[in-house]
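Here are the chains, one letter per residue:
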Amino acid sequence: MDTLRQLQYRRNRLLDMQTMQELCLLLGQPEHRLQQMAADPPYNEFTVKKRDGSPRFIEDPQPRLKDVLRILNAFLQGVYYFDMPDASYGFIPVPKDDPAPPRNIVTHAERHLGCQWLMNIDLEDFFHQINTGEVAERLRHQPARRRIWKLLMAGFPLLVNQGIGRPRHPPNSLIP
């Protein structure tokens with residue numbers, strides 16, 4: 001479990017980044033290897049059965065790419081933590097020294113106790129319906145995030161967004 005100081009360090013390190021070389025150093029891979037992963041992302045593709053018996057398609061990054069995406073996710077979480085909307089409750093870091101009330105599935109459910117209606121929605125193929133243009137538009141109004149996005153997209157677009165949509169369930173898919 002991270003501390004606020006660790007999240008702040010990751011946030012600052014990513015926001016201060018200016019060059020592709022800095023990004024490569026951060027991700028622990030030489031630029032040519034990251035370019036190779038971006039050009040031909042190494043994913044294992046398979047299906048698992050859903051409760052109803054229908055198939056769920058999974059794209060699982062192979063170990064080297066998964067490591068890169070985990071590192072990227074940790075730094076993006078540092079940025080997101082200090083910027084997240086009040087409505088965010090899932091897939092967010094919970095620093096052990098955070099004085100703010102916790103945000104998790106339980107505290108989110110508690111907000112809805114006593115409500116007459118509750119809607120639960122599962123969007124089919126959600127991650128594949130997201131494209132880089134939509135993400136870029138969302139980040140356009142936030143200068144610090146826009147700089148990060150440009151740096152990532154300039155060098156490694158397919159690490160951020162494979163094909164038309166994002167792969168299902170990579171380690172960085174949980175960054176809103």
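For the structure, check the block above.
Residues numbered from 1 in each chain as written. Predicted model: local features only at pLDDT ≥ 70, side-chain atom pairs only at ≥ 80, totals over all residues. Heavy atoms only, no water.

Caption draft 1: Spotlight on the packing of aromatic side chains. Counted by the stated rule, this structure contains one aromatic pair. A centroid spacing of 5.1 Å and a plane angle of 90° characterise the contact between Tyr81 and Phe82, whose relative ring orientation is edge-to-face. According to the relative accessible area criterion, Tyr81 is buried, its value standing at 10%. The exposure class of Phe82 is partly exposed, given its relative accessible area of 32%. (Phe/Tyr/Trp six-rings, centres within 6.5 Å; stacked < 30°, edge-to-face > 60°. Buried < 20%, exposed > 50% of the residue type's maximum accessible area, 1.4 Å probe, protein only.)

Caption draft 2: Looking closely at the side chain of Ser88. Tracing the sequence through the fold places Ser88 in the loop between helix H4 (63-81) and helix H5 (105-110). Engagement of the side chain of Ser88 in a polar contact is seen with the side chain of Tyr80, the distance being 2.6 Å. Look past the residues within four positions of Ser88 in its chain and what remains in contact with it is Tyr80 and Arg103. (Helix = DSSP H or I, 4+ residues; strand = E, 2+ residues; numbered from the N terminus. Polar contact = N/O pair within 3.5 Å; in protein donor to acceptor, adjacent residues only side chain to side chain. Contact = heavy atoms within 4.5 Å.)

Caption draft 3: Quick peek at helix H2 (residues 20-27). Residues of H2 that are buried: Met20, Leu23, Cys24, Leu26 and Leu27. Along the long axis of H2, the arc covered by the buried residues comes to 160°, so they all point the same way. Of the exposed residues in H2, the ones pointing more than 90 degrees away from its buried face are Gln21 and Leu25. Looking one or two residues beyond H2, the residue adopting positive phi is Gly28, at roughly 70°. (Arc of directions from axis to C-beta.)

Caption draft 4: Quick look at the packing of helix H1 (residues 4-16) against H4. Where H1 contacts H4, the axes come no closer than 7 Å and their chain directions differ by 105°. On the basis of the axis angle, H1 is roughly perpendicular to H4. Side by side, H1 and H4 meet where Leu4, Leu7, Arg10, Arg11, Arg13, Leu14 and Leu15 of the first sit next to Ala74, Phe75, Leu76, Gln77, Gly78, Val79 and Tyr81 of the second. For the contact of H1 with H4, a count of residues per class yields nine nonpolar, two polar and three charged. (Axes fitted to C-alpha atoms, helices over the stretch in contact; angles between N-to-C directions. Parallel < 35°, antiparallel > 145°, perpendicular 65-115°, else oblique. Nonpolar A, V, L, I, M, F, W, Y, C, P; charged D, E, K, R; others polar.)

Caption draft 5: Expanded view of the packing of helix H3 (residues 31-39) against H4. Between H3 and H4, the least distance of the axes is 11 Å, while the angle of their chain directions is 105°. Viewed along their axes, H3 and H4 adopt a mutual orientation that is roughly perpendicular. When H3 is examined against H4, the residues Arg33, Leu34 and Met37 are found in contact with a partner set consisting of Arg64, Leu65 and Val68. Its residues assigned to classes, the contact of H3 with H4 shows four nonpolar, no polar and two charged.

Caption draft 6: Geometry of the side chain of Thr3. In this fold, Thr3 is placed in the segment before H1. The class for Thr3 is buried, based on a relative accessible area of 17%. Beyond its immediate chain neighbours, meaning those up to four positions away, Thr3 contacts Pro95, Lys96 and Asp97.

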